[in-house]
Amino acid sequence: MHRMLAIARRVLRQIARDRRFLTLTLLAPLLVIYIIKAALDSFSVPFVNISSFVVPIGAFVVHFDTYILCAIVLVRERTAQTLARMFVNGYNRAAIIGGYVIAYTCLGTLQTFLVLTELWLLFHLSYPVATVLSLYLVIWLLAVISICLGIFVSNFARSEGQVLPFIPAVTVPGIFLSDVIFSVDKFPRWMQWLSHATPLYYANKIIQNLIRESGTLDGNWPRVALLLAYGLVVLVLATQTLRELD
Amino acid sequence: MNIVELDRLAKRYGRIDALRSVTLSLEAGEIFGLLGPNGAGKTTLIRMLTGSSRPTGGAVSVFGVDPIRDAARVRRDLGYMPQAPALYEDLSPRDNIRFFGRAHNPPNLEKRIDELLDFSKLRARERDPVYTFSGGMKQRVSLACALVHQPRLVLLDEPTAGVDPRLRAEFWNHFRELARAGATLLVSTHQMDEALYCDRLAILCDGELLACDTPKNLLQRGRTRIHVWRGSSNANESITETEEIYSQALPRVLQQYGLDASVTRIEVERDYLEQIVLKMIQSRRDA
């Protein structure tokens, strides 16, 4: 456990030292949401149902950002040979993955908070506190899963260039297959099956329920469990595929 | 018990043989040098000792165990300095040393970091980010990271590349101190003058072990050229090239002159280690 915390502390220190990275990471999602708001305002009749669209799209922005960051950062460790050095120094796979998940979860927590706050302010959303907290928890969970997904994908890339094709491969189907914009029920069967591979699909189901009923997680535990199980599978896969040997 | 044992160790990457049947051993407390041109297999060999690369043939043991199967056991007592600095360049030397030290959780870590910063002459820059450092300074940070937990076996892949001559000498003094204290050091290098500081040397070429001996014995494999001048003539009268070791060749050649008054000058040229190594590599490639 002390090794996992040592890695988390080191990653957080690196993030804190790189002010530009930190600022851009936190501001970029806010800017994207502001642009979406401006675009939606330009339509006299919006093409989507705003109330059921904005929170999932906020979730997507958090998912996209945390996923990309983690995918690139771990590949950078590999190319700089610090990953190999960590292994030789006695850090094992679980410590490395766990350390990264802890550190980037801190960043994801802050990002989720900022994104939700902006959504509230820009779109004048008014949900009960319990619903807001539930939404926060779901998006936060999605951020953690996205971190694991980023690490998992980075395990298949040997350079930063190789990780680039994985970015649209995961995020673009995510937005189309998650029920956020289009109804998945209208898609061919194989696409409906594919939608189960995107974490946003599970998160969106819970978010839509929470928004529709102004409810809490109480009635959504089976779906939350599904999202958790998805995260656990990705975490195990990320740990198992992290290559130590050549 | 030997600290490291390699028995017909082989590594193949696709169609390339990075190591071919290398057999050697390292004893406790010795400084063992790895010499060879680029692509000779030095880094591959070191990576196999760290348990980062699986052999395709033969066997390797470190501290008597398999470095892949018993990685945790081996890595507890292993210090590794890779060829590239492999540091977190946005962090300070202190942060880097602390991070690699924390993996082993040694007692008095901060005190140990202070010692290493003093040794590597980085105290004045201890809080600056590593990306502001020169190549030689990064090497010093990297070495400090490898030594932080006082390992019993230290693997150094070209540790003095880019380090100035004065500090290089200090590095080697420190290596000798570590060896005296019982640590075993495996050092890969291109610097022939540095190779002479080693207790034993292995010469690798195209993945093959060409020789493994003490520097003194390797030097004796070189040729000796003896030039003798007589009288006032500038032209040397005799040039003798011999494969014999110099201490035996010199009296034999000089016997024919009787060292009379006419002998005004004697020069003895011996092959440098570099020439000996290059000849070995050339003859291996010719073969």
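Residues numbered from 1 in each chain as written. Chains lettered and ligands numbered in written order. Predicted model: local features only at pLDDT ≥ 70, side-chain atom pairs only at ≥ 80, totals over all residues.

Section: the overall build of chain B
When helices and strands are tallied, chain B shows 10 helices and 12 strands. By principal-axis analysis of the C-alpha atoms, chain B measures approximately 70 × 45 × 35 Å. Counting the 287 residues in chain B, one finds 41% classified as buried. Partitioning the intrachain contacts of chain B with sequence separation of at least 6 by distance along the chain shows that 66% fall at a separation of at least 24. (Helix = DSSP H or I, 4+ residues; strand = E, 2+ residues; numbered from the N terminus. Buried ≥ 20, exposed ≤ 12 C-beta atoms within 10 Å, placed from the backbone. Contact = placed C-beta atoms within 7 Å.)

As for the interface of chain B and chain A
Across the contact, 22 residues belong to chain B and 21 residues belong to chain A. Broken down by secondary-structure element, the contributors of at least two residues to the side of chain B that touches chain A are α2 (71-76), β5 (78-81) and α3 (93-102) of chain B. Looking at the side of chain B that touches chain A element by element, the count peaks at 4 residues for α3(B). Its residues placed into classes, the side of chain B that touches chain A shows 11 nonpolar, 5 polar and 6 charged. (Nonpolar A, V, L, I, M, F, W, Y, C, P; charged D, E, K, R; others polar.)

Some points on the domain arrangement of chain B
Split by domain assignment, chain B resolves into domain 1 (4-218) and domain 2 (223-270). Its C-alpha centre places domain 1 of chain B at a distance of 43 Å from the equivalent point of domain 2 of chain B. (Domains from an automatic or database assignment.)

Section: the sheet that holds strand β4 (residues 57-62) of chain B
All names here are of chain B. Spatially, the 3 strands line up as an open sheet ordered β2-β1-β4, and their pairing is antiparallel. A strand with exactly one partner marks an edge of an open sheet, and here the two such strands are β2 (16-26) and β4. Taken pair by pair, the neighbouring strands of this sheet meet at an average axis angle of 25°, ignoring direction. (Pairing = 2+ DSSP bridges. Axes fitted to C-alpha atoms, helices over the stretch in contact; angles between N-to-C directions.)

Considerations on the environment of B:Lys138
For B:Lys138, the position within the fold is in helix α5 (residues 135-147). When near neighbours in sequence (up to four residues on either side) are disregarded, B:Lys138 contacts B:Pro85, B:Leu87, B:Val130 and B:Phe133.

Some details on the nonpolar core
Core analysis: the biggest nonpolar cluster contains 140 residues, and A:Cys70, A:Tyr100, A:Leu142, A:Cys148 and B:Leu185 have the highest contact counts within it. The element best represented in this core is helix α3 (residues 50-79) of chain A, accounting for 15 residues. Beyond its immediate chain neighbours, meaning those up to four positions away, A:Cys70 contacts A:Tyr100, A:Tyr104, A:Ile147, A:Gly150, A:Ile151 and A:Ser154. (Core = buried A, V, L, I, M, F, W, Y, C linked by C-beta atoms within 7 Å.)

A word on unusual backbone geometry
Positive phi values are uncommon outside glycine, yet A:Gln81 reaches one of about 70°. Checked against the element boundaries, A:Gln81 lands in the loop between α3 and α4 (82-88). Accessibility expressed as a C-beta count within 10 Å gives 15 for A:Gln81, which makes it partly exposed. A positive phi angle, close to 50°, is found at B:Ala86, a residue other than glycine. Mapped onto the elements of the fold, B:Ala86 is located in the loop between β5 and α3.

Details of the packing of helix α10 (residues 199-213) of chain A against helix α11 (residues 221-241) of chain A
Residues and elements named next belong to chain A. Across the interface, α10 lies against α11 with an axial gap of 9 Å and an inter-helix angle of 160°. If you check the angle between α10 and α11, you find them roughly antiparallel. Relative to α11, α10 is oriented so that their crossing is left-handed. Along its contact with α10, which presents Pro199, Tyr202, Ala203, Lys205 and Ile206, the element α11 presents Arg223, Val224, Leu226, Leu227 and Tyr230. For the contact of α10 with α11, the residue count by class is 8 nonpolar, no polar and 2 charged. (Parallel < 35°, antiparallel > 145°, perpendicular 65-115°, else oblique. Left-handed = near helix turned anticlockwise from the far one by under 90°.)

Some words on the packing of α3(B) against α5(B)
What describes two packed helices is the angle between their axes and the distance between those same axes. Residues and elements named next belong to chain B. Put simply, α3 and α5 touch, their axes get as near as 8 Å, and they point 25° apart. Put simply, α3 runs roughly parallel to α5. Here α3 runs over α5; the crossing is right-handed. Only Val141, Ala144 and Cys145 of α5 make contact with α3, whose side of the interface consists of Pro93, Asn96, Ile97 and Phe100. Across the contact of α3 with α5, the residue classes break down as 6 nonpolar, 1 polar and no charged.

Observations regarding the sheet that holds strand β9 (residues 208-213) of chain B
Residues and elements named next belong to chain B. Across the sheet, which stays open at both edges, the 6 strands sit in the order β5-β6-β7-β3-β8-β9 with mixed pairing between neighbours. Two strands bound the open sheet, and with one partner strand each, they are β5 and β9. Averaged over all pairs of adjacent strands, the angle between their axes in this sheet comes to 15°, without regard to strand direction. Bridging between strand β3 (residues 31-35) and strand β8 (residues 200-205) involves 4 bridges; their strand directions are parallel. Looking at β8, one finds that Phe32 is bridged to Arg200.

A look at the environment of B:Thr56
Residue and element names in this part refer to chain B. Along the chain, Thr56 falls in the loop between α1 (42-49) and β4. A sequence separation of 35 residues divides Thr56 from Leu91, and the C-alpha atoms of the two residues are 38 Å apart. Sequence-distant contacts of Thr56, defined by excluding residues within four places in its chain, comprise Ala10, Lys11 and Arg12.

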